[in-house]
Amino acid sequence: MLAELNFLYGKPKTTGQYKQQYEDFVVTEDLGFELTGEGEHVLVYLEKKDYNTIFVAEQLAKYVGISSKLVSYAGLKDRHAVTRQWFSLHMPGKESPDFTGFDLAGCQILKVTRHNKKLKIGALKGNYFKIKLTHLSDTIELESKLASIKQHGVPNYFGEQRFGRDDNNIIQALKWANGEITVKDRKKRSFYLSAARSAIFNDVVSKRIEQGLHQTVLEGDILQLAQRGSWFVAQSNDLSLLQSRMLNGEVNITAPMIGDSQLGTQSCSLEFEQKCLVNWSLFTELFKKERLETSRRSILLRPQQLNWQWINDNSIEINFYLTSGCYATSVIRELITGNE
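All figures in this text were calculated on a predicted structure; none of them were measured in a lab.

A.B. asks: Mind showing me how you'd approach the overall build of the protein here?
C.D. replies: Broken down by element type, the protein carries 8 helices and 15 strands. Relative to the compact-globule value of 20 Å for 340 residues, the protein shows a C-alpha radius of gyration of 21 Å, a close match. Overall, the C-alpha framework of the protein stretches about 60 × 55 × 40 Å when taken along its three principal axes. The 340 residues of the protein split such that 48% are buried. Long-range contacts, defined as pairs at least 24 residues apart, comprise 81% of the intrachain contacts of the protein with a sequence gap of at least 6. A total accessible area of about 17,300 Å² is found for the protein, and carbon and sulfur atoms account for 46% of it.

A.B. asks: What is the right way to read a nonpolar patch on the surface from this model?
C.D. replies: A cluster of nonpolar side chains, contributed by Ile-54, Leu-76 and Ile-121, occupies part of the molecular surface with about 300 Å² of accessible area. The residue Leu-76 is located in the loop between β4 (71–73) and β5 (82–90) in this model. With relative accessibility at 53%, the residue Leu-76 sits in the exposed group.

A.B. asks: Is there a simple way to explain the confidence of the model for the protein in this structure?
C.D. replies: Should pLDDT be low for a region, the predicted coordinates there are not to be read in detail. Within the protein, residue pLDDT values average 94, and 99% of them lie at 70 or more. Across the protein, element-level confidence peaks in strand β8 (residues 154–155) with a mean pLDDT of 98 and bottoms out in helix α7 (residues 281–289) with 90.

A.B. asks: Hey, could you run me through the pattern of salt bridges in this one?
C.D. replies: Opposite charge on two side chains permits pairing when their charged atoms draw close. Following the criterion strictly, the structure yields 14 salt bridges and no others. Arg-84 serves as the salt-bridge partner of Glu-47, at 2.7 Å between the closest nitrogen and oxygen. Here Arg-84 lies in strand β5 and Glu-47 lies in strand β3 (residues 41–48), a separation of 37 residues in the sequence.

Criteria and cut-off values
Every chain is numbered independently, its residues counted from 1 as its sequence is written. Since the coordinates come from a predicted model, pLDDT governs what is reported: local features require at least 70, and pairs of side-chain atoms require 80 or more to be given and counted, while whole-chain, interface and lining totals use all residues. Think of the side-chain values as coming from all heavy atoms in the structure, minus any hydrogens and water. Each helix is a run of DSSP H or I of at least 4 residues and each strand a run of E of at least 2, with the numbering of both proceeding from the N terminus. Only the C-alpha atoms count toward the radius of gyration. The rule for a globule is 2.2 Å times the residue count to the power 0.38. We call a residue buried when its accessible area falls under 20% of the maximum for its residue type, exposed when it is over 50%, and partly exposed in between, using a 1.4 Å probe and counting protein chains only. Contacts are residue-level and defined by heavy atoms, with any inter-residue pair within 4.5 Å sufficient. Throughout, the Shrake-Rupley method with a 1.4 Å probe supplies accessible areas, and for residues the shown protein chains are the sole cover considered. Patch building starts from residues that exceed 30% relative accessible area and form no salt bridge, then joins like charges within 9 Å and nonpolar side chains (Val, Leu, Ile, Met, Phe, Trp, Tyr) within 5 Å. The working definition used for a salt bridge is a side-chain nitrogen of Lys or Arg within 4 Å of a carboxyl oxygen of Asp or Glu. Every residue is assigned a pLDDT by the predictor, reflecting its confidence on a scale from 0 to 100.

What follows is the structure, encoded as structure tokens:
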């Protein structure tokens, strides 16, 4: 899915590798709110490697003697990385367990507290990333691209995780839309619909880059106020001012997460998006049947607190922060060509 998408700065000539060791990819979760220290939910802050989030949640449930359905988390974290995240265990009327006996190789409990609400998927502000790239073939190009990314960002593409192993989620979504299969499982329905919507979003963003419109505010664009999430439509008499605000990072151009309602764009922007959607009619009909709400997402991703340090002549450590729902792989994709 990602191989066909346009690059913002041209396909990298630099080859390199990442995730050669767990410690080469470190993710630290940022909930973005204070925990109350009391309540029905035991909150466990845990560092893990070589396990996915769901497996660790099941092990925590088993250790304290509750159903795995009573364990929740704000986001799924990569197995092939060092990740730090919170788990919520619903234990009303019970004392906080003693976790000193929790023994799972590659996992370490860092903190235990309580909270008055369960953690829900997506209920986090973002994640801090520390990523090591190694065996780099062109350090000059890499430095140049990092500088460009710091100033202008990268395409806000959904990463390969969204589409499943070997793009299975999008393949199943196509079969579903074609009437070849029925999907009753709620989680599978959610995965397949999300994959289809994400593929369409990626395609619209890619076409906008292809036409050189990723930094051009069109009449009728829906713009997002940076860091605030509120939206408004770009009117013709405001285009000059809005263009300046976009370049300054105050507002973001958006693309649709298709649902069963109107796109919301107008004029030139609406015409552009309608042309992009011509080849996706099969999915748009499915979204209408499933009554999905149309939403918007910024077409560019600007990593926050981006900095880097060279480890040696061909290895670099890159640090940055991404808000929830954004993918570090979209940053790496603009920097190197290579495999994990």
